[in-house]
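Close look at the chain arrangement
Next come the chains, spelled out residue by residue.
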Amino acid sequence: MTTGELNRGELKYEGKAKRVYATANPAEYIVEYKDDATAFNAQKRGTWEGKGQTNNAITAHLYPQLEAAGIPTHFIEKLDDRHQRVKAVVIVPVEVIVRNVAAGSFSKRLGIEEGTPLSRPVVEYCYKSDALGDPLINSDTAIALGWATQEDLKTIRELALKVRDFLTDYFAQRGVRLIDFKLEFGKLADGEIVLADEISPDTCRFWDATTNEKLDKDRFRRDLGGEAEAYAEMLRRVTTEV
Ligand code: UDP
């Protein structure tokens with residue numbers, strides 16, 4: 001098989017950390033993971049070697065296991081260090097955040113100390129808009145503005161909680177507390193909702209289960225240093241057989 005690089009067609013979309021390319025097959029895209037990092041709605045920018053490869057490897061390791069756990073996804077296969085072959089989807093412009101423990105914007109918004117466990121998982125929705133800084137919305141907003149139907153949101157919520165159950169346990173077995181994470185969903189040509197995008201230290205908060213050391217993008221956001229090492233450590237743990 002040729003590599004994704006060779007088959008890459010027109011650039012469909014460029015985000016902060018990834019590029020999405022068309023392929024000769026209209027039902028498939030190629031995703032490229034970049035080394036760029038941004039935070040605070042792209043006001044803070046950085047880059048480090050290995051970031052794209054690490055996030056690609058972590059996502060590519062987790063997605064087939066999510067599929068096996070009954071969660072439909074866009075993932076087909078990892079092509080090389082930076083590229084994945086995925087099913088073409090139209091992204092639902094609603095970012096889905098799932099929280100196990102208070103942190104980040106939730107702590108700030110509600111005055112709840114970071115690290116406070118939540119008595120049940122919290123699912124939040126944000127409008128996927130860089131220009132607006134991904135504002136918090138509710139399901140009525142998404143339905144009224146035509147971003148998703150009521151049925152779509154029911155499916156999305158159920159899948160997000162299923163992902164949460166799987167990942168929380170998966171990381172716990174590898175000495176990591178899954179604090180919160182962000183998911184994106186897409187629609188296939190036939191209308192089926194599938195999990196899309198990445199699952200990586202860019203999109204999850206991971207705290208070491210023993211020390212509570214941060215092993216995610218907060219190292220970059222908060223100028224803690226050691227981001228490359230933390231991402232490499234997460235790849236090591238994700239790929240550890242237990
Ligand atoms: N997150 C993300 N992309 C975003 C916003 C948040 O991947 O545009 C992730 C973030 O890494 C964290 C979770 O979603 O794991 C919750 O983020 P939060 O709302 O606390 O926002 P933040 O504090 O990162 O601004």
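Before reading on, note that the structure itself is shown above.
Residues numbered from 1 in each chain as written. Predicted model: local features only at pLDDT ≥ 70, side-chain atom pairs only at ≥ 80, totals over all residues. Heavy atoms only, no water.

**A short note on helix 7 (residues 227-238)**
An α-helical turn contains 3.6 residues, so any two residues separated by three or four positions project in the same direction. The end-to-end C-alpha distance of helix 7, which contains 12 residues, comes to 16 Å, matching closely the 16 Å that a straight helix rising 1.5 Å per residue would cover. All buried positions along helix 7 are accounted for by Glu227, Ala230, Tyr231, Met234, Arg237 and Val238. The buried residues of helix 7 occupy an angular sector of 120° when the element is viewed end-on, so they sit on one face. In the core, the buried residues of helix 7 are packed alongside helix 2 (51-68), helix 5 (150-172), strand 12 (176-187), strand 14 (204-208) and helix 6 (218-221). (Helix = DSSP H or I, 4+ residues; strand = E, 2+ residues; numbered from the N terminus. Expected span 1.5 Å × (residues − 1). Buried < 20%, exposed > 50% of the residue type's maximum accessible area, 1.4 Å probe, protein only. Arc of directions from axis to C-beta. Contact = heavy atoms within 4.5 Å.)

**Quick notes on the pairing of strand 1 (residues 11-14)**
Examined bridge by bridge, strand 1 and strand 2 (residues 18-22) share 3 bridges and lie antiparallel to one another. Pairing of Leu11 across the sheet is with Tyr21, part of strand 2. What sits between the antiparallel neighbours strand 1 and strand 2 is a turn of 3 residues. (Pairing = 2+ DSSP bridges.)

**A short note on the sheet that holds strand 3 (residues 28-33)**
Taken in spatial order, the 5 strands make up an open sheet running 1-2-3-7-6, and their pairing is antiparallel. Looking along the sheet, the strands with just one partner apiece sit at the ends: strand 1 and strand 6 (75-78). On average, adjacent strands in this sheet sit at an angle of 25° to one another, irrespective of strand direction. One ladder, built from 5 bridges, connects strand 2 with strand 3; its direction is antiparallel. The residue bridging Lys18 from the neighbouring strand is Tyr33, located in strand 3. Lying over the sheet, helix 2 contacts strand 3, strand 6 and strand 7 (83-87), oriented at roughly 135° with respect to strand 6. (Axes fitted to C-alpha atoms, helices over the stretch in contact; angles between N-to-C directions.)

**Section: the nonpolar core**
With 39 residues, the main nonpolar core has Val96, Val163, Phe171, Leu183, Phe185, Leu195 and Ile199 as its most contacted residues. Mapped onto this core, the elements with two or more residues apiece are helix 2, strand 9 (94-101), strand 10 (117-127), helix 5, strand 12, strand 13 (193-196), strand 14 and helix 7. Broken down by element, this core gets its largest block of residues, 8 residues, from helix 5. Aside from chain neighbours lying at most four places away, what touches Phe185 is Val90, Ile91, Val92, Val96, Ile156, Leu159, Ala160, Ile193, Val194, Leu195 and Ala196. Counting residues in each nonpolar core, the second largest holds 6 residues, with Val20, Val31, Tyr33 and Val86 among its members. (Core = buried A, V, L, I, M, F, W, Y, C linked by side-chain atoms within 4.5 Å.)

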